[in-house]
Protein chains: 2
Amino acid sequence: MAPSAPHQKLWVETDGQLVMSDYRVRLLELVGETGSLADAASALGLSYRRAWGKVKEIEANLGRSLVRSEVGGAGGGRTALTPEAEELVAAYRRFQERVEQDIEGAYDAELRDLLTPP
Amino acid sequence: MAPSAPHQKLWVETDGQLVMSDYRVRLLELVGETGSLADAASALGLSYRRAWGKVKEIEANLGRSLVRSEVGGAGGGRTALTPEAEELVAAYRRFQERVEQDIEGAYDAELRDLLTPP
């Protein structure tokens, strides 16, 4: 039997309002990776409209622009992350990694033995 | 405006199976506090049947008895946590507290400045 393992979901609130989460960061990250909001939406099983709305909501909550459209070129337009969004995604990933390591440590110290089936 | 703050949901899986979570620990804790599965269920807005099923599921996943019935007495029977369940609840609470502190630290180090509205 595999050992038990801790899992977590993380998010950030300001005044009770969700401003960032694992899921939202993944959406932004996919925009950066694919250069396309449509592709990012599709990868998450969201409609383009829904993904666009989410990005605009995050921008409104943070008071910052996170994506910018680059018009033209051979394949039509692209959507790119702003430098602020790239910084935010990278910082959130560092935050997640630190937390995951911390959780493993706390789990080993407090719970692993108790939750490993006899 | 209030500062932004990190939040988390924690749980434990074994072989992809949920074996413990914030919610389940709260259910067990309420049984211990109230001495009654019916009262614990009611406090969480669960039916008695649902709460009983959850406790039995946790016991099955862990291979341990977590509650015991104490028959009789003036007010009828009571339900109490087993010593193993009490230990588990206490250990999970310590795990949560450590993680919350760790998350605050990771958040301060990586994200707080970026997510505080300008």
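Quick summary incoming for the structure in this document. (Residues numbered from 1 in each chain as written. Chains lettered and ligands numbered in written order. Predicted model: local features only at pLDDT ≥ 70, side-chain atom pairs only at ≥ 80, totals over all residues. Heavy atoms only, no water.)

### As for the packing of helix H1 (residues 22-34) of chain B against helix H3 (residues 48-62) of chain B
All names here are of chain B. What counts here: Each axis is a line fitted through C-alpha atoms, and for a helix only the stretch in contact is used; angles between axes span 0 to 180 degrees, taken between their N-to-C directions. Each helix is a run of DSSP H or I of at least 4 residues and each strand a run of E of at least 2, with the numbering of both proceeding from the N terminus. For classification, angles of less than 35 degrees are called roughly parallel, those exceeding 145 degrees roughly antiparallel, those between 65 and 115 degrees roughly perpendicular, and all remaining angles oblique. Whether two residues touch is decided by their heavy atoms; if any such pair falls within 4.5 Å, the residues are in contact. Ten residue types, Ala, Val, Leu, Ile, Met, Phe, Trp, Tyr, Cys and Pro, are classed as nonpolar, four, Asp, Glu, Lys and Arg, as charged, and the remainder, Gly among them, as polar.
Between H1 and H3, the least distance of the axes is 11 Å, while the angle of their chain directions is 110 degrees. As summarised for this structure, H1 and H3 are arranged roughly perpendicular, according to the angle between their axes. Across the interface between the two elements, Tyr 23, Arg 24 and Leu 27 from H1 touch Ala 51, Lys 54, Val 55, Glu 57 and Ile 58 from H3. Among the residues forming the contact of H1 with H3, the class breakdown is five nonpolar, no polar and three charged.

### Focus: the relation of the copies chain B and chain A
Let me state the cut-off plainly: We superpose the copies by least squares over the C-alpha atoms of residues that have a pLDDT of at least 70 in both of them.
By a simple turn and slide, chain B fits onto chain A: the slide is 0.0 Å along the axis, the RMSD is 0.0 Å, and the turn is 180 degrees. What the rotation and shift describe, once combined, is the action of a two-fold rotation axis. Closest approach to the rotation axis within chain B is made by the C-alpha atom of Lys 9 of chain B, at a distance of 2.6 Å. The residues that chain B uses at the interface reappear at the interface of chain A in 100% of cases, marking a shared surface.

### Points about the interface of chain B and chain A
Threshold: Two parts placed together each lose some accessible area; with a 1.4 Å probe, that loss summed over both constitutes the buried area. A pairing counts as a salt bridge when a side-chain nitrogen of Lys or Arg comes within 4 Å of a carboxyl oxygen of Asp or Glu. Side-chain atoms alone can form a polar contact between residues adjacent in sequence; in general such a contact is a pair of N or O atoms within 3.5 Å, and within protein one must be able to donate a hydrogen while the other accepts it.
Taken together, the 39 residues of chain B in the interface contact 39 residues of chain A. Carbon and sulfur atoms supply 64% of the area buried between chain B and chain A, which totals about 3600 Å² over both sides. Interface area lost by chain B to chain A is led by His 7, Glu 110 and Leu 114 of chain B, which between them contribute 17%. Summed over the shared surface of chain B and chain A, the result is four salt bridges. Taking the shortest distance from any N to any O, the salt bridge between Glu 110 of chain B and Arg 94 of chain A comes out at 2.8 Å. In this assembly, chain B and chain A are joined by 11 residue pairs in polar contact (both at pLDDT 80 or more).

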